[in-house]
Amino acid sequence: FAAKVEKWVKSWIPGIVAGTFVPVFTLLIATPISLLIIGPVATWASSLIGALFTWLNAFSPLLFGALLTGSWQLLVIFGLHWGVIPIGFLQFSELGRSTLFAQVTLSTFSIFGMLIAIAIRSKERKTKELSASSIVPALFGITEPAIYGLMLPMKKLFAIAIALNIIFGAYTGMVGLEQFTLGGLGIFALPTFIHPTEGITMNFWHAIIGMAGLALAGFIVTMLIDIPKIQDEDDEGLETVP
């Protein structure tokens, strides 16, 4: 919102004083609106989304898994995932396990597979460099660099990643995938799927299937479709991969 305000302020502030007064007026306008309107609305929306997923978990684990895993990356973009995370902590405190954290852990692996394929196939130098540098963070569960730098400009690929998350989320929701302890993100979360007393059970293998399946599906799909061109025309080495 502040970025939109800044653009508007720049349109009427004289250039000679823009460096000083554009930030001042941007903050004067954006800050109270953020605190009084945007913040409360976002908090209300987050709480509503959290209540929705709590109900879905009881109503249909399959739908719960599909919608939560499928929508997680979108929720992160808008900050609405903070209405869901406390429910996961509540599950741990009351049940000693969490279906919610189990599902959202999987959502980064489709993007991880896509990044490998983009790094291999893209002919745009900047795109190749960005995708290659985002692979390891995505493996460790951090997809923000990939989402903002690649997935949002490549809208078709982002939509496919969400679709893959829905499919595999439905599977892991149906089998009741659970995490038994808090741990790292991405591949570091794998030990959290091991039962504390029974050891490695089918729950662990379902997690393996979800992670590996999403990564492989994301990689294969991206290898088979066109890689969109997202850099400026005057950048060197621009080509569209057929």
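Since this is a predicted model, take the numbers as computed values, not measurements.

A. Fine view of the environment of I135. Take I135: it is sitting in helix α7 (residues 125-139). Residues I135 and L52 lie 83 residues apart in sequence; the distance between their C-alpha atoms is 32 Å. With sequence-adjacent residues up to four places away left out, I135 is seen in contact with F112, L115, I116 and A119.

B. Structural detail: α7. The end-to-end C-alpha distance of α7 is 22 Å, a good match for the 21 Å that 15 residues give at a rise of 1.5 Å each. Tucked inside the fold, the buried residues of α7 contact α6 (109-121) and α8 (144-151). Two residues or fewer after α7 comes G141, characterised by a positive phi angle close to 90°.

C. Region of interest: the packing of aromatic side chains. Evaluation of the coordinates by the stated rule reveals seven aromatic pairs. Look at F21 and F25: their rings are 6.3 Å apart centre to centre, the planes differ by 40°, and that puts the pair in the tilted class. Here F25 and F21 lie together in helix α2 (residues 18-59), a separation of four residues that amounts to about one turn. Counting every residue linked through ring pairs, the aromatic cluster contains W8, W12, F21 and F25.

D. Region of interest: the environment of A138. Within the secondary structure, A138 sits in helix α7. Exposure remark for A138: the relative accessible area of 0% places this residue in the buried category. Once the C-alpha coordinates of A138 and I111 are considered, the two residues, 27 residues apart in sequence, prove to be 7.2 Å apart. The contact partners of A138, leaving out residues within four places of it in the chain, are T108, F112, L115 and T143.

E. Region of interest: a nonpolar patch on the surface. On the surface, L52, W55, F59, L62, L63, L67, M174 and V175 cluster together into a nonpolar patch covering about 770 Å² of accessible area. Here L67 is to be found in helix α3 (residues 61-78).

F. Seen up close, α3. The end-to-end C-alpha distance of α3, which contains 18 residues, comes to 25 Å, matching closely the 26 Å that a straight helix rising 1.5 Å per residue would cover. Along its length, α3 shows its largest kink, about 50°, at W72. For α3, the complete set of buried residues consists of F64, G65, A66, L68, T69, G70, S71, W72, Q73, L75 and V76. One or two steps after α3, the chain reaches G79, where phi turns positive at roughly 75°.

G. Quick peek at the pattern of salt bridges. The tally for this structure, following the rule as stated, stands at two salt bridges. As a salt-bridge pair, R97 and E178 come within 2.7 Å of each other at their nearest N and O atoms. Taken together, the positions of R97 in the loop between α4 (85-95) and α5 (99-106) and E178 in the loop between α9 (155-174) and α10 (202-224) put the pair 81 residues apart, joining distant regions of the chain.

H. A look at the nonpolar core. Judged by nonpolar contacts, the single largest core of 35 residues is most densely connected at I111, L115, M151, L157 and F193. Discounting residues that sit within four places of it in the chain, M151 has contacts with I111, M114, I118, A146, L157 and F158. With 17 residues, the next largest nonpolar core counts F64, L75, L80 and L100 among its residues.

I. Region of the structure containing the packing of α6 against α7. Contact pair α6 / α7: the axes reach a minimum separation of 8 Å and the direction vectors enclose 150°. When the axis of α6 is compared with that of α7, the two are roughly antiparallel. Note on packing geometry: the crossing formed by α6 with α7 is left-handed. Contacts between α6 and α7 pair F109, F112, L115, I116, I118, A119 and I120 from the former with T127, K128, S131, A132, S134, I135, A138 and L139 from the latter. When grouped by side-chain class, the residues that make up the contact of α6 with α7 number 11 nonpolar, three polar and one charged.

J. Broad picture of the packing of α6 against α10. At a minimum axis separation of 7 Å, α6 and α10 run at an interaxial angle of 35°. Note on packing geometry: the crossing formed by α6 with α10 is right-handed. Where α6 abuts α10, its residues F109, S110, F112, G113, M114, I116, A117, I118, I120 and R121 lie against M211, L214, A215, G218, F219, T222, M223 and L224.

K. Broad picture of the environment of P196. Note that P196 resides in the loop between α9 and α10. In this structure P196 comes out as exposed when scored by relative accessible area, which is 65%. Considering only alpha carbons, one finds P196 and F180, 16 residues apart in sequence, at a separation of 7.0 Å.

Reading guide: rules and limits
- Residues numbered from 1 in each chain as written.
- Predicted model: local features only at pLDDT ≥ 70, side-chain atom pairs only at ≥ 80, totals over all residues.
- Heavy atoms only, no water.
- Helix = DSSP H or I, 4+ residues; strand = E, 2+ residues; numbered from the N terminus.
- Contact = heavy atoms within 4.5 Å.
- Expected span 1.5 Å × (residues − 1).
- Phe/Tyr/Trp six-rings, centres within 6.5 Å; stacked < 30°, edge-to-face > 60°.
- Buried < 20%, exposed > 50% of the residue type's maximum accessible area, 1.4 Å probe, protein only.
- Patch = residues over 30% accessible without salt bridge, like charges linked within 9 Å, V, L, I, M, F, W, Y side chains within 5 Å.
- Areas by Shrake-Rupley, 256 points an atom, 1.4 Å probe, with all protein chains shown as cover.
- Salt bridge = Lys/Arg side-chain N within 4 Å of Asp/Glu carboxyl O.
- Bend = angle between axes of the 7 residues up to and from the residue.
- Core = buried A, V, L, I, M, F, W, Y, C linked by side-chain atoms within 4.5 Å.
- Axes fitted to C-alpha atoms, helices over the stretch in contact; angles between N-to-C directions.
- Parallel < 35°, antiparallel > 145°, perpendicular 65-115°, else oblique.
- Left-handed = near helix turned anticlockwise from the far one by under 90°.
- Nonpolar A, V, L, I, M, F, W, Y, C, P; charged D, E, K, R; others polar.

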